[in-house]
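Descriptive analysis of the structure
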Amino acid sequence: MSGTVRFEGQNYPLNDGETVLDTLLRNGQPIAFSCRSGLCQSCLLQAVDGELPEAAQTGLKPTYRAQGLFLACQCRPAGTLCVRTPENAGIDTKAEIVELSRLNATVLKVRLRPSQTFSCRPGQYLTLLAPGPIARSYSIANDPEMEREIELHVRLLPAGKMSHWLEHQAVPGTQVTVRGPAGSCFYTGDDNRQWPIVLAGTGTGLAPLYGILQDALSNNHRGPIQILHGALRESDLYLQSELTQLAAEHDNLTYSTCVLQSADGAPDASGDIQERVLTVLKSMANDVRLYLCGAPEMVNPLKTRAFLAGVASRNIHADPFLPSVASGN
Amino acid sequence: MASLYERLGGAAAIDAAVDIFYRKMLADDRVSHFFDNTDMDKQIAKQKGFLTLAFGGPNNYTGKDMREGHRHLVAKGLNDTHVDIVIEHLGATLKELGVADSDIAEIAAIANSVRDDVLDR
């Protein structure tokens, strides 16, 4: 028996198998959403009355749970659930776009200045909310607490709503909202800081890795660090000069690129980032910490292969970038 | 007399065993296909639950969980042979960690006790 969701004074019964998000979207309510997998937190709503199923709050911070915030895409209430959009729950931060510039032909650097301190760890992700509402998750590529600005790397997609908005409508000075942060893909240091680190990513998977790398370096990490950036073509790479410069300044840092196609389009097997990472891991001590970010087609199999190669499961931090999912009902 | 779970070293022993055990399962073609398309972190958490049960530790598993959790695998052909393989890898893992043969036998017996639930019969 499906429940009912009450939103802005109206009751909406859930159809069989529907979530609160499905039902509200079906009824034309403008609820922001993106991954529909319970991860991006774009669709957070706040329950003001009724019983929340446990699954609707899985993975949320205790402070969010205590406020009745929940993931609409994971919520299938049994009874009547009275909900509202969480505008005043202190989870969102207003921010101003201060820079929009190209990192390469298809990647946009977006810098935001939050109106108040945005506490996060480089490598975590946030949700960017733009008019529409459009909501998309992006990884944090710098240390916003130190720089007082947040840097994001946005892949420009031909049919991407957010990337279209950023490219054609947003300008420096435009106001946006950020929500978060979330995710556990970040540098953790202790007194030792001797362990090897391997950072491997494809496409804009470089964003969180660049953040984690700078965090490790500013914490004076002493173990060897290897950063590998994978791309289909040479032109898909970015930040080469910054990373080359960092590697020149730090003896313990190695930067390499893995490009699958040479300039004339011929496949180059030596550009397979998975094989390269597995080779690198062989030369690393067994307390290596591995960070994998970007295309799930790379991240998920490599995670398993690295584990089978002997990397401890607790030392593998993976952030597969989930595509946003269109309303499918 | 300390319980089996305490003798083995409690939660720390589970942490030490889980990677070795799960790695053996993933590397074994006879059972690895049952883990296709599963999330590794979630699997590790489930394997910890299973090891805690097998080590006689505090766990929340019920026969119903075991049945429901494996029903989709039974549909894919999970049978007694696969349960034997799991118990074999469990034994080999414990041997690597230096657990006494008598304790390994006790753990295997506990793991074996959920066989009918796992195979949904």
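Each remark here, short or long, concerns the structure printed above.
Presented here is an overview of the structure given in this document. Keep in mind that this is a model prediction, so the values were computed, not measured.

1. Topic: the side chain of T177(A)
All names here are of chain A. Topologically, T177 is positioned in strand β11 (residues 175-182). Here the side chain of T177 touches K94 through a polar contact of 3.3 Å, side chain to side chain. Contact partners of T177, with chain neighbours within four places excluded, come to D92, T93, K94, T127, L128 and L129.

2. Description of the interface of chain A and chain B
On the side of chain B, eight residues touch chain A, which itself brings nine residues to the contact. Of the roughly 790 Å² buried between chain A and chain B on both sides combined, carbon and sulfur atoms contribute 63%. Sorting the residues of chain A by area buried against chain B places K303(A), F307(A) and L308(A) first, and these three jointly supply 64% of that buried surface. Summed over the shared surface of chain A and chain B, the number is one salt bridge. The salt bridge involving D41(B) is made with K303(A); its shortest N-O contact spans 3.0 Å. Taken together, chain A and chain B are joined by five residue pairs in polar contact (both at pLDDT 80 or more). Of the residues belonging to the side of chain A that touches chain B, the class tally is five nonpolar, three polar and one charged.

3. Remarks on the layout of surface pockets
Residues and elements named next belong to chain B. Counted as a void, the second largest pocket has a volume near 700 Å³. Taken together, 27 residues form the lining of the second largest pocket, with F35, Q43, Q47, H70 and L73 sitting closest to its centre. Those elements giving two or more residues to the lining of the second largest pocket turn out to be α3 (40-54), α4 (63-75), α5 (80-96) and α7 (115-118). The greatest single-element share of the lining of the second largest pocket, amounting to six residues, is contributed by α4. Classifying every residue of the lining of the second largest pocket by side-chain character gives 15 nonpolar, seven polar and five charged.

4. Some details on the pattern of salt bridges
Within the structure shown, the criterion is met by 29 salt bridges over all chains. Two residues, D28(B) and R30(B), come together in a salt bridge whose shortest N-O distance is 2.8 Å. Judged by relative accessible area, R30(B) falls into the partly exposed class, the value being 42%. The closest approach of N and O atoms between R30(B) and E88(B), which form a salt bridge, is 3.4 Å. Within this pair, whereas R30(B) is found in the loop between α2 (10-26) and α3, its partner E88(B) is found in helix α5, the two being separated by 58 residues in sequence. Several salt bridges share partner residues, and in doing so they unite R111(A), R113(A), E147(A), E149(A) and E151(A) into one network.

Analysis parameters
Residues numbered from 1 in each chain as written. Chains lettered and ligands numbered in written order. Predicted model: local features only at pLDDT ≥ 70, side-chain atom pairs only at ≥ 80, totals over all residues. Heavy atoms only, no water. Helix = DSSP H or I, 4+ residues; strand = E, 2+ residues; numbered from the N terminus. Polar contact = N/O pair within 3.5 Å; in protein donor to acceptor, adjacent residues only side chain to side chain. Contact = heavy atoms within 4.5 Å. Buried area = accessible area lost by both parts, 1.4 Å probe. Salt bridge = Lys/Arg side-chain N within 4 Å of Asp/Glu carboxyl O. Nonpolar A, V, L, I, M, F, W, Y, C, P; charged D, E, K, R; others polar. 1 Å grid on protein atoms, 1.4 Å probe; cavity = no way out; pocket = protein on both sides within 12 Å on 5 of 7 lines; lining within 4 Å. Points joined across faces, edges and corners; volume = space filled by probe spheres on them. Buried < 20%, exposed > 50% of the residue type's maximum accessible area, 1.4 Å probe, protein only.

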